[in-house]
Amino acid sequence: MKKLLIYLKAYRKEACLAPIFKMLEAVFELFVPLVIKGIIDYGIAAEDRAYCLRMGLLLLLLAVIGLAMATTAQWFSARAAAGFAAKIKQVLMEHIQKLSYTELDTIGTSTLITRMTSDVNQVQTGTNLVLRLFMRSPFIVFGSMIMAFTIDFKAAMIFVITIPLLSVVVFGIMLSSIPLYKKVQSQLDRVLGITRENLTGVRVIRAFNKEEEEISHFKTENEQFTRLQTFVGKISALMNPLTFVIVNSAILVLVWTGAWRVEGGILTQGAVVALVNYMSQILVELIKLADLIINITKAVACGNRIQKVLEVEPSMENGSKECIEEKRTPANAVDFNHVSLTYSGAGAPSLTDIDLHVKTGQTIGIIGGTGSGKTSVVNLIPRFYDATQGNVLVFGKPVKEQDMESLRSQIAVVPQKAVLFAGTIRENMKWGKEDATDEEIMEALTIAQAAEVVQKKEGGLDAFVEQGGKNLSGGQRQRLTIARALVRKPRILILDDSASALDFATDAALRKAIREMKNAPTVFIVSQRTSSIRFADQILVLDDGKSVGVGTHDELLTTCSVYKEIYDSQYKKSGKEA
Ligand SMILES: Nc1ncnc2c1ncn2[C@@H]1O[C@H](COP(=O)(O)OP(=O)(O)OP(=O)(O)O)[C@@H](O)[C@H]1O
């Protein structure tokens, strides 16, 4: 948490002014019981109406000034806390963008969302309260005690006994609830995680009739969350009755002894009322202080969770900034030199000893059963993951030595899951190239067989795509994501099973159009269908993370039993050539 405080530096002025104004408010508050004492002892006793009126106006003035101070303090503290939280979110977002897939897999998306939202909000609330109360509350508690001593030494002794007693109760309750608050926060993490999973997977849940199970799972976790919160609430609820008993007892003693001493002429009625006022102020401030400490603890726990993410070092170091485009295009676009990959935390390797050499401009097909490692192979080209053994070269240079931005700017990946963002089709296409003209976009859409998707939509390129592309069919989404990749005019194009929702004719037309592109890219096609890759210059056949065949379709039919099996199964199933 300490390391996060540097982001508060930009709001140094606000962070200093907020407590100062709050202290000034407290100073004015401490004078109120003395003014009331004056009204009772001098104004009412002597029936001096003019004095009472003057003092009444003074009270009003103190209230107005106090209000002005409090509002100003609130303004400064809210500004500092909101700015601090915004900066943390910004830094966190920038850091997350730097992390590689390996770290993101390890941390998990749902906890990152909780840290970015609920945890940052908690830090903001804590900061706001600290700035307003950390000086004010102790000041009022000790100030009231000192004021009590100035009024009457003996009566002030009641304060000396009451304050430690009150402190023990308030802080005892607070200390016992702090660990529980930490549990509440991690339970909240779990509830949010399940909510997110359920919302993103709602279609699958319904398709498998798992609603009941998921509702019951959510209910269990949510009830646990409610139980924990209620338990903490009950402990905190003890605060009021206990503190009120102590304070009211102290007030009783004050009034009772005060009455005797007023009778004996030692103390005035006004002094007793002032002492009671001070006692009440102490109670209010001690409760605020306890609330503040609970909030600080929560904020520190949340701050530490944020800090932990910021401390995760990106495992991938960026290579040289030297631009590879300046170099002559080497004969090979991609080389896998005896590459193996074991994901962090996974026991067995997902890829073992992959050796593949791809000439510039070639089309490579990658085929294999589910989980055979097809996506893992292509993910190594833009360096989404680093090979654990061997090395991957792009245009003759190891990817680890290349500047990541420049490497990725030459590669376009169309992932399995077609992801589109809320905005117009044109805006989505510009993700590929910010300054793409409408002609460039239409050209890419035509190659991706998506021109008719745009033509059919009202507004054409200005048609709105809802978040995640909800208002488009699976095939339309796939074609638009392919077009987005093509807008970039990449030197390497990776289609990771991204034409699976297209019919055979559209799939074939797409491949033909890519082949006929001016400056046609080197293309990697990951597919489960032999028909999508059979015309590739080379086909890599994977089985359980190992390369079991590399060659053309005709070669593999005679040399690779796995490939022949896949081909036969698809050919026989459809009754015609797959
Ligand atoms: N991020 C990851 N962390 C750990 N293991 C992973 C990760 N991604 C993939 N794996 C594992 O690596 C293996 C290969 O997965 P990969 O996604 O490359 O296969 P695939 O051939 O593309 O599968 P599919 O055709 O089903 O998409 C699988 O056993 C998978 O469980």
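The structure this text deals with has already been given above.
Residues numbered from 1 in each chain as written. Predicted model: local features only at pLDDT ≥ 70, side-chain atom pairs only at ≥ 80, totals over all residues.

Asker: Tell me about the packing of helix H5 (residues 136–151) against helix H10 (residues 269–311), and please be specific about residues and values.
Answerer: Helix packing geometry: the angle between the two helix axes and the distance between the axes. Here H5 crosses H10 at 160°, and the two axes come no closer than 8 Å. Overall, the two elements H5 and H10 adopt an arrangement that is roughly antiparallel. Helix-helix and strand crossings are classified by hand; for H5 and H10 the assignment is left-handed. Facing Ser137, Ile140, Val141, Ser144, Met147, Ala148 and Ile151 of H5, the residues of H10 in contact are Ala271, Ala274, Leu275, Tyr278, Gln281, Ile282, Glu285, Leu286, Lys288, Leu289 and Leu292. (Axes fitted to C-alpha atoms, helices over the stretch in contact; angles between N-to-C directions. Helix = DSSP H or I, 4+ residues; strand = E, 2+ residues; numbered from the N terminus. Parallel < 35°, antiparallel > 145°, perpendicular 65-115°, else oblique. Left-handed = near helix turned anticlockwise from the far one by under 90°. Contact = placed C-beta atoms within 7 Å.)

Asker: An account of the site of the ligand is requested, with residue identities and associated values reported.
Answerer: Around the ligand sit Asp105, Tyr343, Ala346, Ser350, Gly368, Thr370, Gly371, Ser372, Gly373, Lys374, Thr375 and Ser376, and that is every residue in its neighbourhood. At three residues, helix H11 (residues 374–379) tops the list of elements feeding residues into the shell around the ligand. Of the residues contributing to the shell around the ligand, the split by class is two nonpolar, eight polar and two charged. (Near = placed C-beta within 6 Å. Nonpolar A, V, L, I, M, F, W, Y, C, P; charged D, E, K, R; others polar.)

Asker: Outline the pairing of strand E11 (residues 538–543), listing residues and values.
Answerer: Among the six residues of E11, five are classified as buried, and the element is accordingly described as predominantly covered. Note that strand E3 (residues 363–368) and E11 share five bridges and pair parallel. When the sheet's bridge partners are listed, Ile364 is paired in E11 with Gln538. Relative to strand E12 (residues 546–551), E11 runs antiparallel, the two sharing five bridges. The partner of Asp543 across the bridge, within E12, is Lys546. The hairpin formed by E11 and E12 contains two residues between the paired strands, and Asp544 there has a positive phi angle of roughly 50°. (Buried ≥ 20, exposed ≤ 12 C-beta atoms within 10 Å, placed from the backbone. Pairing = 2+ DSSP bridges.)

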